[in-house]
There are 2 protein chains.
Amino acid sequence: MRLTEAEWQIMNALWEGWPATAREIADRLPDSVNWAYTTIKTMLTRLAEKEAVEETKRGNVGIYEPILTRQNARRNALKSLANQAFDGAFGPLMHFLLEDQNLSDRQREQLLEALQQREKGGEQ
Amino acid sequence: MRLTEAEWQIMNALWEGWPATAREIADRLPDSVNWAYTTIKTMLTRLAEKEAVEETKRGNVGIYEPILTRQNARRNALKSLANQAFDGAFGPLMHFLLEDQNLSDRQREQLLEALQQREKGGEQ
DNA sequence: GCAATGCTACTACAAATGTAGAACCCGTCA
DNA sequence: TGACGGGTTCTACATTTGTAGTAGCATTGC
């Protein structure tokens with residue numbers, strides 16, 4: 001399951017809470033995303049076709065919930081990226097993240113935090 | 001600069017060594033990629049339009065070399081992914097990589113290696 | 001009973017992507 | 001000198017993606 005950029009927006013909104021109506025999803029989209037309501041419906045229909053979400057009806061109003069989990073979507077995306085750009089392996093990807101000099105300080109901080117959390121987790 | 005999946009194939013081949021002709025690039029593509037020669041030429045032309053590669057001529061034969069570096073391409077790809085799928089931050093992305101239980105043993109190994117290399121690097 | 005609201009389904013359409021065919025040009029070898 | 005091999009450019013076309021318009025069907029407030 002490959003999500004497009006626009007689909008990520010919708011799924012991100014849906015993962016915030018479900019079941020949800022198209023209207024609710026619309027309200028949750030970031031301000032930078034200014035789609036017509038029908039655009040959102042179209043995306044949801046396509047996502048339902050791809051079986052990333054399930055659509056049910058309450059009356060004639062569509063209710064949506066994710067089938068694809070955020071975790072799986074993330075996993076798939078990372079796998080694709082690793083395949084395309086890092087010879088299919090996570091090691092080099094990780095290595096790149098750690099070594100790349102052009103990360104901002106903030107980003108380096110975040111990496112360190114993640115590493116530390118991992119260490120903590122490992123000790124329990 | 002956003003590369004599509006097919007474009008990654010071409011760029012990966014080009015990054016293996018340049019300047020290179022379309023024929024050389026074709027020969028370097030993995031067996032799984034079985035494109036007509038003209039397909040490769042089309043991709044190269046499009047990549048030149050996007051200024052990801054530069055095309056020069058020796059006689060009437062096109063010679064290609066990357067303008068976009070592998071490092072930058074990787075950086076861009078990771079940034080996009082972080083934006084779409086991890087609230088724009090590398091920390092959560094990294095955290096996910098470390099914590100995700102569904103990584104294979106091999107993948108976990110690779111992560112560990114990457115971590116260890118980082119430690120070594122830090123000590124020098 | 002009818003108009004405004006709000007939802008739905010269906011259709012549309014441009015741009016990007018994947019993939020390639022056709023036709024043309026040039027050097028070379030018989 | 002003419003056919004072959006290999007390169008080139010241009011054109012083509014289906015599919016996917018981004019984005020939305022339109023028209024039709026309930027609900028409701030007068």
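The rules behind each value
- Residues numbered from 1 in each chain as written.
- Chains lettered and ligands numbered in written order.
- Predicted model: local features only at pLDDT ≥ 70, side-chain atom pairs only at ≥ 80, totals over all residues.
- Heavy atoms only, no water.
- Least-squares fit on C-alpha atoms with pLDDT ≥ 70 in both.
- Contact = heavy atoms within 4.5 Å.
- Pairing = 2+ DSSP bridges.
- Helix = DSSP H or I, 4+ residues; strand = E, 2+ residues; numbered from the N terminus.
- Axes fitted to C-alpha atoms, helices over the stretch in contact; angles between N-to-C directions.
- Near = heavy atom within 4 Å.
- Polar contact = N/O pair within 3.5 Å; in protein donor to acceptor, adjacent residues only side chain to side chain.
- Nonpolar A, V, L, I, M, F, W, Y, C, P; charged D, E, K, R; others polar.

K.L.:
Help me understand the relation of the copies chain A and chain B, please; the structure alone is not making it clear to me.
P.N.:
What connects the two chain copies is a rotation about an axis and a shift along it. Expressed as a screw transformation, the operator carrying chain A onto chain B has a rotation angle of 179° and an axial translation of 0.0 Å, and the superposed copies differ by an RMSD of 0.1 Å. One copy is carried onto the other by what is essentially a two-fold rotation axis. Scanning chain A for the C-alpha nearest the rotation axis identifies M94(A), at a separation of 3.8 Å. Taken as a fraction of all interface residues of chain A, those also at the interface in chain B reach 100%, which identifies the copy contact as same-surface.

K.L.:
Help me understand the sheet that holds strand β3 (residues 61–66) of chain B, please; the structure alone is not making it clear to me.
P.N.:
Residue and element names in this part refer to chain B. Pairing is antiparallel in the open sheet, where three strands are placed in the order β1-β3-β2. At either margin of the open sheet sits one strand with a lone partner, and together these are β1 (20–21) and β2 (53–58). Pairing of β2 with β3 involves six bridges; the strand directions are antiparallel. The residue of β3 that forms the bridge with V53 is P66. Strand contacts of helix α1 (residues 5–15): β1, β2 and β3, with the helix running at about 90° to β3, the strand carrying the most contacts. Along the sheet, helix α3 (residues 37–49) makes contact with β2 and β3, crossing β2 at roughly 115°.

K.L.:
Is there a simple way to think about the protein's contact with DNA strand C in this case?
P.N.:
In the region of DNA strand C, 21 residues are neighbours, and R23(A), Y37(A), G62(A), T4(B) and T42(B) sit closest. For DNA strand C, the backbone portion of the atoms within 4 Å of the protein, that is sugar and phosphate, comes to 62%. Contact between DNA strand C and R23(A): a phosphate oxygen at 2.4 Å from a side-chain N or O atom of the residue. At 3.1 Å, a side-chain N or O of K57(A) approaches a phosphate oxygen of DNA strand C. For the surface near DNA strand C, the elements supplying multiple residues, two or more each, are α3 (37–49), β2 (53–58) and β3 (61–66) of chain A together with α1 and α3 of chain B. Examining the composition of the surface near DNA strand C, we find that five residues originate from one element, α3(B), more than from any other. Among the residues forming the surface near DNA strand C, the class breakdown is six nonpolar, seven polar and eight charged.

As far as function goes, none of this settles anything; it's purely spatial.
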